[in-house]
Amino acid sequence: MLHRRHQWVQYSVHIRDNGEPKAALLNHFSFVNNGIHIGENLEFRGRKILMQVPFFHVYGVVITMLASLSHYATIVLPSITYNPERSLRAIREEKCSVINGTPTMHVDLVKKQRELKLNLEAEIAVSGGALCPPQLLRDMKSELGLKKVKNVYGLTEDSAVCFNTLPP
């Protein structure tokens, strides 16, 4: 019998690139442990974090929710579904210092910020789910006024992150 900390908590089914389903059975220990270390490495302690990713994905559950909860951070939900304008307005109005999202979401934020030209005070962006091109990193810093852009890489099977940008 498994020790209590290794009890299973999530059975995730995702569609692979080839259209076939894949399944991952994740345990409580990996979720919590990953959330604690991710929150530390991404400097979440006491910050306000804009959450644009879905709750049902490991990016939402572990990288955002558990990392935030374990580091006394506040999660800001700008809208029910992804909306770049509402995200930008939430960053400004709620004074979010961290922006979580995929590279595609960050492309949308940069594009919308070029139109709106809002006064933003976010310091860090976390990008994951796909590769982040160097030009996008530069655009995120210049258009969104960020000091740092951090990348995370992982798999559902790893309960989120296996590599990430470390603090300075």
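Quick caveat, the model's predicted, so the values are computed rather than measured. (Residues numbered from 1 in each chain as written. Predicted model: local features only at pLDDT ≥ 70, side-chain atom pairs only at ≥ 80, totals over all residues. Heavy atoms only, no water.)

Draft legend 1. Spatial organisation of the overall build of the chain. The number of helices and strands found in the chain is five helices and eight strands. N-terminal to C-terminal, the α/β element order of the chain is β-β-α-β-α-β-α-β-α-β-α-β-β. For the chain, the residues scored as buried account for 42% of the 168 residues in total. Sequence separation of 24 or more characterises 65% of the internal contacts of the chain that already satisfy a separation of 6 or more. Approximately 9500 Å² of the chain is accessible, and the part contributed by carbon and sulfur atoms is 56%. (Helix = DSSP H or I, 4+ residues; strand = E, 2+ residues; numbered from the N terminus. Buried < 20%, exposed > 50% of the residue type's maximum accessible area, 1.4 Å probe, protein only. Contact = heavy atoms within 4.5 Å. Areas by Shrake-Rupley, 256 points an atom, 1.4 Å probe, with all protein chains shown as cover.)

Draft legend 2. How the structure looks around the nonpolar core. With 23 residues, the main nonpolar core has Ile-38, Leu-42, Phe-44, Ile-63, Val-126 and Ala-160 as its most contacted residues. Taken together, the elements giving at least two residues each to this core come down to strand E2 (21-27), helix H1 (28-41), strand E3 (48-51), helix H2 (58-69) and strand E6 (124-127). Counting residues per element, this core draws most heavily on H2, at six residues. Val-76, Val-110, Leu-144 and Val-149 belong to the second largest nonpolar core, which has 19 residues in total. (Core = buried A, V, L, I, M, F, W, Y, C linked by side-chain atoms within 4.5 Å.)

Draft legend 3. Local environment of the UniProt feature "transmembrane region" (unreviewed entry) in the chain. The UniProt entry lists residues 55-77 under the feature "transmembrane region" (unreviewed entry), expressed in the numbering used here. End C-alpha atoms of residues 55-77 are separated by 11 Å, and the span's content is 52% helix alongside 13% strand. (UniProt positions renumbered as here; feature names shortened; annotations may be inferred.)

Draft legend 4. The packing of helix H4 (residues 103-116) against helix H5 (residues 134-144), seen in detail. At a closest axis distance of 10 Å, the pairing of H4 and H5 adopts a crossing angle of 40°. Our classification of the angle between H4 and H5 gives oblique. As for how H4 packs across H5, the hand of that crossing is left-handed. Between H4, through Pro-103, His-106, Val-107, Leu-109, Val-110, Gln-113 and Arg-114, and H5, the contact on the second element is made entirely by Leu-136, Asp-139, Met-140, Glu-143 and Leu-144. Here the residues of the contact of H4 with H5 are counted per class, giving seven nonpolar, two polar and three charged. (Axes fitted to C-alpha atoms, helices over the stretch in contact; angles between N-to-C directions. Parallel < 35°, antiparallel > 145°, perpendicular 65-115°, else oblique. Left-handed = near helix turned anticlockwise from the far one by under 90°. Nonpolar A, V, L, I, M, F, W, Y, C, P; charged D, E, K, R; others polar.)

Draft legend 5. How the structure looks around the pattern of salt bridges. Considering all chains together, one arrives at 10 salt bridges under this definition. Across the salt bridge formed by Lys-150 and Glu-43, the nearest N and O atoms sit 2.8 Å from each other. Within this pair, whereas Lys-150 is found in strand E7 (residues 148-153), its partner Glu-43 is found in the loop between H1 and E3, the two being separated by 107 residues in sequence. Here Arg-89 and Glu-85 are joined by a salt bridge, their closest N and O atoms 3.2 Å apart. Taken together, the residues span about one helical turn, with Arg-89 and Glu-85 both in helix H3 (residues 84-93) at a distance of four residues. Three or more residues joined by partner-sharing salt bridges are found here, namely Glu-43, Lys-148 and Lys-150. (Salt bridge = Lys/Arg side-chain N within 4 Å of Asp/Glu carboxyl O.)

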